[in-house]
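# Summary of the model geometry
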Amino acid sequence: MSDRVQKLAQLQDLELMIREVQDPASKEQEEALGFSVGGLEQLEKAREKLIKQIPGQDLRVYWRIRRRYERAVVPILNRICLGCFQELPTSRTRAFTDSDPLPTCESCGRVLYWL
Amino acid sequence: MTAEEVLSYFSPDRFINGLRARSKDGVLSEMSRILAEDDDIRDPGLLLEMIRRRESLGSTGLGKGVAIPHGRSTAATQTKVVFAVSRRGIDFDAMDNEVCRIFFLIVAPYEDNKQEYLPLLGKIVEMVNREDVREKMFAVECFDEFQEVVRGALGE
Ligand SMILES: [Zn+2]
């Protein structure tokens, strides 16, 4: 797992949680089941902190994809991109070094989170 | 959601009879590690981070000895549940300050397309709200017994 891709996946999970806490319907559903949900401010702070750890070029890629899609980082299962369900060319491998551009799907452009 | 539908999210591989952990964070780690062996979830580190963060919003220790840590993550491609029992009980910052003995860890994909996550969470809460079910769950010694308790609780 590339540390750079993992950081973007972390950011995506965190932003999802922020939206869930902000969404009254989702918060109400959890509270109706007996769970307490608070702490939006600390989530925002964690997000700011995480963003500082991500290279600017990776963030730009992430935000560009987020403008088009709900999910910018998608897992791969059996060589299928779970964003667009296209099969990756067999030439694609797991090899990825920190100096490479982020691994993205050739069909949909989402960042590939190698599983 | 029928008993069999609920049980489809569980597995003997994700059944822990006697947690070794002694702390809240230890429980979250031990239960997340079980998921690392699952093909549909291969980054338990990312998952654990999400689960810990969810706990920071408010403990998922519902009281009466039950905790249900849960959340959605990019690291999951399928919804899965880990069931665990702690014989000694764990301080989980539960709402009633009682120790927790019965745990369900629920992880769902980032995109819950089938919208199964909240109904599943609801069914589990419905079961553990019953004292007789909690007692039986705490006493189970194998996955088959656990399945029987779920079938009994959900009326099949
Ligand atoms: Zn794609």
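In this text, all values refer to a predicted model and were calculated from it rather than measured experimentally.

## Let's talk about helix H1 (residues 3-22) of chain A
It helps to recall that an α-helix has 3.6 residues per turn; residues three or four apart then point in one direction. In this model, H1(A) (20 residues) spans 28 Å end to end at C-alpha, consistent with the 28 Å of a helix rising 1.5 Å per residue. The buried count for H1(A) comes to 16 of 20 residues, which makes it a mostly enclosed element.

## Details of the packing of aromatic side chains
Residues and elements named next belong to chain B. In this structure the tally under the stated criterion is nine aromatic pairs over all chains. Ring geometry for Phe10 versus Phe104: centroids 6.1 Å apart, planes at 80°, classification edge-to-face. Of this pair, Phe10 sits in the loop between helix H1 (3-7) and strand E1 (15-17) while Phe104 sits in strand E6 (residues 100-109), placing them 94 residues apart in sequence. Judged on exposure class, the residue Phe10 and its partner Phe104 are both buried. Taken together, a centroid distance of 6.3 Å and an interplanar angle of 50° make the contact between Phe15 and Phe146 tilted. Of this pair, Phe15 sits in strand E1 while Phe146 sits in helix H6 (residues 143-153), and the two are 131 residues apart along the sequence. For Phe15, a relative accessible area of 15% gives the class buried. Of the aromatic side chains, those joined through ring pairs into one cluster are Phe10, Phe15, Phe83, Phe104, Phe143 and Phe146. In this arrangement the basic side chain of Lys24 is found over the ring face of Phe92, its NZ or CZ atom lying 4.7 Å from the centre. Lying across the ring of Phe138, Arg87 places its NZ or CZ 5.3 Å from the centre.

## Considering unusual backbone geometry
All names here are of chain B. The residue Asp93 is not glycine, and still its phi comes out positive at about 55°. With a phi angle near 65°, Asn97 is a residue other than glycine that sits in the positive phi range. Considering the arrangement of structural elements, one finds Asn97 in the loop between strand E5 (80-90) and E6.

Parameters at a glance
- Residues numbered from 1 in each chain as written.
- Chains lettered and ligands numbered in written order.
- Predicted model: local features only at pLDDT ≥ 70, side-chain atom pairs only at ≥ 80, totals over all residues.
- Heavy atoms only, no water.
- Helix = DSSP H or I, 4+ residues; strand = E, 2+ residues; numbered from the N terminus.
- Expected span 1.5 Å × (residues − 1).
- Buried < 20%, exposed > 50% of the residue type's maximum accessible area, 1.4 Å probe, protein only.
- Phe/Tyr/Trp six-rings, centres within 6.5 Å; stacked < 30°, edge-to-face > 60°.
- Lys NZ or Arg CZ within 6 Å of the ring centre and 35° of its normal.

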